[in-house]
Each structure stands twice: as structure tokens, then as C-alpha cells.
Amino acid sequence: MTSAVNTLNTTASPPPTTGTRRARKNRGYWRPRSVGQWLTLAACSVLLIYFAFPVYVIVSTALKGPGAAGGSLGLPSSIDMSGFSLAWGQLKGNLWNSVQIAVPGTIISCLLGALNGFVLAKTPFRGAKLLFVLMMVGMFIPFQAVIIPLFVFLRALGLQGTLTGIVLVHVIYGLPFVTLIMRNYYVNIPDAIIEAATVDGCGLLRTFTRIVLPLSIPGFVVAGIFQFTNIWNDFLFGLIVTSQQTWPVTVRLNNLLGDTSVDYGTLMAGALMVAAPTVLVYIGLGRYFIGGLTSGAVK
């Protein structure tokens, strides 16, 4: 019986040929097969080198330590990490300021933007489209156009130069963008889910917190990454709205430039420290970020 089964299996599944083995081995690998594909690959390679070259200069200069010459393209003869310790000593307080600004600003703006998006997408009312258009107009107002009124407004509230003031500014300016993302995401949620929650006696707020929020993770990731990156990298509001004690790290990094000379090794080490949080956020949430984009968070 065993011999018969083995014979049947041998007959039914002939050994793979050389071509089959080669196809299996090459499965999943793309190779250019035409002139156009080769040109596309060459163009992508050139762009990769173009965008990666500044990163190479920053890393290599930072590893050369204090006193590294600006514009030096060679690899460091020896790795010197003292520039990182010097940069950390000057930036650690401002890094904590940026954390206190970016984290609450991202969370609050995402929650309020999600609620706005839910109302605009699933509870239509008279004037909803006009309200949405007016909110989107806020995305295109240049920051420079409102600096003076914003400064006067925060001073009148007693929030000028405080972390609370700069968080409030980023929440307000982030609301239109987050609302756009979350509204487009909620449009894809079936109305039957909302109707079933209404039949079960859930009001608007309870439906949002109990039903919609658990379904909103991909949209929150997309909005959160964009919002966190914008807040962390902000320089203009951080320079105008805050005081020297509440400077975000981007403003303090700019002040590492000396009046007569520049310590490029320490400056580049500080630049790597400032860039690290946003890179780590994207690496940690990149899988969910792509999922959010492809599931309708941005359209």
C-alpha cells in the first residue's frame, strides 16, 4: 500500500525541471528587461544617491567629533562620539520641550480632528459642506500672515512664551489637515454600522467613542505621523511664540551656530539627535502608515 502511494505521488508530481527551479529561485525579484526599465532603474539610483548624500555628510561629520571641517566629504579616520555628548548637554532641555509640545499637540489635534471628520462624514447637516470648505481654507493660510495677530492674541490670554500657548497654536493649525484625513477615512466606513449603533440607543458621542474610534487606528496613524512630524520640525512658531526657556529643539539647534566659527561636528551630531524621533516614529509605525494610506485615509 505504501509503495503504491509513493508510486502515485511520484507519478503525479514529477521532479521540477531546471527552468522550474530557476523560476522558483528568481520568484519575487524584479529585473529590468527593456531599455525603459533600465533607464527607470538608473534614474531611481541617481535620485537615491542625491537624497542619501546629505545624510552621509551629516553622519560622517558627526562621527569626526568637535572641530570637524565643514564640507569635508571623506570618511572619518577614527570615530569620535564626543560631539554627541556636547550636543546632548546643550539640547537635552529643549528636546524635552519639544516632546511636551509635539506629543500633546498631536494627540489633541488628532482626537478633535477625528470628531470633526466623523460629524462631517456621517452626520450631514445644513451647511456641512460650506463648513468643511472653510476649514480647508485654513490649510492654505501662510503662517507668516498671522504671526502678529497670533502673538497679540496669545499675549492677551497670558499664554505668550508658554508651552501651553505653542501647543494650542499647533492644535488649531493641525485641525484642518487632520479633519481632512479623518473625514475621508470615515467616508469608507459603512453607514449600516452607525445606524445599528443608533438603533441600539447610542448617541453621537457614544457612537464615536465606542464604535468608530476602535476602527480608526489606520487613520490615526496617518494623521499622527504627519502632525507629529510637522510639530517636531516647526521652527517659525517655536521662534516667535515661545520664550528662551520654552524653545523647542529646532530653535536651540539653530543657535548652536557660532558668531565667528561653527563646530560642525557638534552641530551635525545635534542634527542627528533632532531628526531621530521622527525617523523612529515612522519606522515604528510605517507598516500601519502604508495601511492607512491604502485604506482611504488620504484620497
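Residues numbered from 1 in each chain as written. Predicted model: local features only at pLDDT ≥ 70, side-chain atom pairs only at ≥ 80, totals over all residues. Heavy atoms only, no water.

Draft legend 1. Just the packing of aromatic side chains, in detail. This model, assessed by the stated rule, comprises 10 aromatic pairs. A centroid spacing of 6.1 Å and a plane angle of 40° characterise the contact between Phe53 and Tyr56, whose relative ring orientation is tilted. Residue Phe53 and its partner Tyr56 are both found in helix H3 (residues 35-63); the two are separated by three residues, about one turn of the helix. Note on Phe53: relative accessible area 39%, which makes it partly exposed. The rings of Phe118, Tyr185, Tyr186 and Phe208 are connected pair by pair, giving a single aromatic cluster. Here Arg183 stacks its cationic end above the ring of Phe132, 4.4 Å away from the centre of that ring. (Phe/Tyr/Trp six-rings, centres within 6.5 Å; stacked < 30°, edge-to-face > 60°. Helix = DSSP H or I, 4+ residues; strand = E, 2+ residues; numbered from the N terminus. Buried < 20%, exposed > 50% of the residue type's maximum accessible area, 1.4 Å probe, protein only. Lys NZ or Arg CZ within 6 Å of the ring centre and 35° of its normal.)

Draft legend 2. Representation of the pattern of salt bridges within the structure. Taken as a whole and assessed by the stated rule, the structure comprises one salt bridge. Residue Asp191 is joined to Lys122 by a salt bridge in which the shortest nitrogen-to-oxygen separation is 2.7 Å. Taken together, the positions of Asp191 in helix H8 (residues 191-199) and Lys122 in helix H4 (residues 82-122) put the pair 69 residues apart, joining distant regions of the chain. A relative accessible area of 45% means that Asp191 is categorised as partly exposed. (Salt bridge = Lys/Arg side-chain N within 4 Å of Asp/Glu carboxyl O.)

Draft legend 3. Broad picture of the nonpolar core. Core analysis: the largest hydrophobic core is formed by 28 residues, its most contacted members being Leu91, Trp232, Phe237 and Val241. Going through the elements one at a time, H4, helix H6 (147-157), helix H7 (163-186), helix H10 (217-232), helix H11 (236-241), helix H12 (249-254) and helix H13 (264-297) are the ones with two or more residues in this core. Sorting elements by how many residues they give to this core places H4 first, with six residues. (Core = buried A, V, L, I, M, F, W, Y, C linked by side-chain atoms within 4.5 Å.)

Draft legend 4. A look at a nonpolar patch on the surface. A cluster of nonpolar side chains, Val103, Ile107, Ile108, Leu111 and Leu112, forms an exposed patch at the surface whose accessible area comes to about 390 Å². Note on placement: Ile107 falls in helix H4. (Patch = residues over 30% accessible without salt bridge, like charges linked within 9 Å, V, L, I, M, F, W, Y side chains within 5 Å. Areas by Shrake-Rupley, 256 points an atom, 1.4 Å probe, with all protein chains shown as cover.)

Draft legend 5. The arrangement of H7 in detail. Taking 1.5 Å of rise per residue, 24 residues should cover 34 Å, and H7 covers 32 Å from first to last C-alpha, within 8% of that figure. The sharpest bend along H7 measures roughly 40° and falls at Leu175, with the proline Pro176 sitting one to four residues further on. (Expected span 1.5 Å × (residues − 1). Bend = angle between axes of the 7 residues up to and from the residue.)

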